[in-house]
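# Report on the structure
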Amino acid sequence: MSTLRIAVLGAGAGPGSRARQFLSTIVRLTDHYELAAICDRNPDVLQEVGVQYGVEARYGDVRALLEAEKPDVVLSLTPKDSHIVMALTAARHGAHVITEIPVALTRRYAGAVAQACREHGVLWEVAEQVWLWPQECLKRRIIASGLLGGVTHARLWYLTGQYHGFSAIRALLGGEAVRVLGYCGEVETEPYAAYGGEPESTVQWETAIIEFDGDVVCLFEKPPRIFPSAAHNFPVGWQVEGVRGHLDRNRLTLYGKNGSRVYEISEQYVEMDGERVLEAVRVETDPPVVWENPFAPYRIGSLDDVAQASILTSFHKAVTGGGRPQYGYENGLRDYELSLAVRESARLGNAWVTLPLGGPTELEQQIEAEFVRRYGHDPIEATEALLDAPFERSATLWPFAHWL
């Protein structure tokens, strides 16, 4: 198997950051990738991570990295606002691209990255992980087995970054949304610091009815809770119901003449070199439904690490085998478009909007105007000028939608 030289942009602020998790996964996939270079503006972080993973090629400038190292793949883990700039720059240097979520700040930005990749003959993957969590992989097998019968209904609760939840629901339903009815609002709350550290005294909420093809309906809610503590005070998850049963976060319920029977989704672990690694996820139906962790031999077994390994190995296969990314910007657009459609429906006076959406939504126009206000340039027209921009942790999504 040929290995690909991968460069990682953004080394993470601390040991628990998503960037550090990705780095830990990459260095285990030695038959797929060589961690060729890292880039970060913080010299202390660059030194720390370089030493930890044995990376000699350390850069504070993206252009210098791309010109000197010529990596096969670039993984952008820099702040959300910067992804379009990093992706466009990498593609124009002939590198395949993986960007963090969402697909882009706006659909126009996503289209520009896709076009640049086509023009330069490279692939683009979006690192959406939620639909790849082990339990979600098992749930898809349960649905495919026919245990639920025909799927009829879904419910989704997500606090922010709800495109994650939409990716999980779409993957389970196996269909596409056709129209959306949304309600949105904003309520006062006690002062708090938002994700980027900015002071806030309100929270925004959303709720929607989403109709999928096949007469399946999803009820969605983003509740009005403060982000830092909300995950502990409100359920974040999704349920899928069929004719014969339903799935929720960690159990399968099957209906019967004599009542319902509940099957807990269980995890099996194995000890490998002193590490506890996920081996399989299963439900003890007759016969059992089992998802085995293909990354256990690499000692990759936590929820997000398995998803990251799936993203990386499938992208390797697409690049070396001439295929397509398993998620790709097309799915990223569909998930993000659902988020936009909820807002657009509410803006239109709670009117149904059909999918796919047409021209730019008002929210997208606000986001793009804010981007130019913050950084001084349109990222498509002046990509090079933005390579040194001081991108903020809180994205331009936040002021208008309270999305991460």
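Relevant structure appears above.
Rules used throughout
Residues numbered from 1 in each chain as written. Predicted model: local features only at pLDDT ≥ 70, side-chain atom pairs only at ≥ 80, totals over all residues. Heavy atoms only, no water. Helix = DSSP H or I, 4+ residues; strand = E, 2+ residues; numbered from the N terminus. Buried < 20%, exposed > 50% of the residue type's maximum accessible area, 1.4 Å probe, protein only. Contact = heavy atoms within 4.5 Å. Polar contact = N/O pair within 3.5 Å; in protein donor to acceptor, adjacent residues only side chain to side chain. Expected span 1.5 Å × (residues − 1). Patch = residues over 30% accessible without salt bridge, like charges linked within 9 Å, V, L, I, M, F, W, Y side chains within 5 Å. Areas by Shrake-Rupley, 256 points an atom, 1.4 Å probe, with all protein chains shown as cover. Salt bridge = Lys/Arg side-chain N within 4 Å of Asp/Glu carboxyl O. Phe/Tyr/Trp six-rings, centres within 6.5 Å; stacked < 30°, edge-to-face > 60°. Core = buried A, V, L, I, M, F, W, Y, C linked by side-chain atoms within 4.5 Å. Pairing = 2+ DSSP bridges.

With that settled, the discussion passes to unusual backbone geometry. Here the amide bond leading from Ile101 into Pro102 is cis, since omega sits at -5°, within 30 degrees of zero. As for its placement among the helices and strands, Pro102 is situated in the loop between strand E5 (96-99) and helix H5 (107-120). Phi angles above zero are rare outside glycine, and Lys70 is one such case at about 45°. Checked against the element boundaries, Lys70 lands in the loop between helix H3 (62-69) and strand E4 (73-76). Accessibility expressed as a relative area gives 61% for Lys70, which makes it exposed. The phi torsion at Arg299 lies on the positive side, around 60°, for a residue other than glycine. Following the sequence through the fold, Arg299 ends up in the loop between strand E17 (289-292) and helix H9 (303-321). By relative accessible area, which is 28% here, Arg299 ends up partly exposed.

Next up on the list: the environment of Asp378. For Asp378, the location among the structural elements is in the loop between helix H11 (362-375) and helix H12 (398-401). Placed 334 residues apart in sequence, Asp378 and Asp44 show a C-alpha to C-alpha distance of 31 Å. Beyond its immediate sequence surroundings of up to four residues, Asp378 is in contact with Arg108, Val372, Thr383 and Leu386. Separated by 3.0 Å, the side chain of Asp378 and the backbone nitrogen of Glu381 make a polar contact.

We now examine H9. The end-to-end C-alpha distance of H9 is 27 Å, a good match for the 27 Å that 19 residues give at a rise of 1.5 Å each. With 14 of 19 residues buried, H9 lies mostly within the body of the structure. Where H9 ends, the next residue or the one after it, Gly322, has phi of about 75°, a positive value.

Nonpolar side chains collect at one region of the surface, where Ile209, Leu219 and Trp352 lie side by side and expose about 230 Å² of accessible area between them. You can see Ile209 is positioned in strand E9 (residues 199-212).

Our focus in this paragraph is the packing of aromatic side chains. Inspection of the entire model under this criterion finds eleven aromatic pairs. Considering the side-chain rings of Tyr336 and Trp403, the 5.9 Å spacing of their centres and the 75° angle between planes classify their relative orientation as edge-to-face. Of this pair, Tyr336 sits in helix H10 (residues 328-347) while Trp403 sits in the segment after H12; the two residues are 67 residues apart in sequence, bridging distant segments of the chain. Summarising the burial analysis for this pair, Tyr336 and Trp403 share the class buried. Three or more aromatic residues joined by ring pairs form one cluster here, namely Tyr109, Phe371, Tyr375 and Phe391.

Here we come to the nonpolar core. Counting residues in hydrophobic clusters, the biggest one holds 124 residues, and the most contacted among them are Leu35, Trp124, Ile169, Val180, Ile210, Trp238 and Val240. Ignoring sequence-local partners within four residues, the contact set of Val240 consists of Ile143, Leu148, Val151, His153, Ala154, Ile169, Leu172, Leu173, Gly245, His246 and Leu247. Grouped together as the second largest cluster of nonpolar side chains are five residues, Tyr192, Ala194, Val203 and Trp398 included.

Across the sheet, which stays open at both edges, the six strands sit in the order E3-E2-E1-E4-E5-E6 with parallel pairing between neighbours. Of all strands in the sheet, those bounded by a partner on one side alone are strand E3 (58-59) and strand E6 (124-126). Where strand E1 (residues 4-9) lies against strand E2 (residues 33-39), six bridges are found, and the strand directions are parallel. Counterpart to Leu9 in the pairing with E2 is Cys39.

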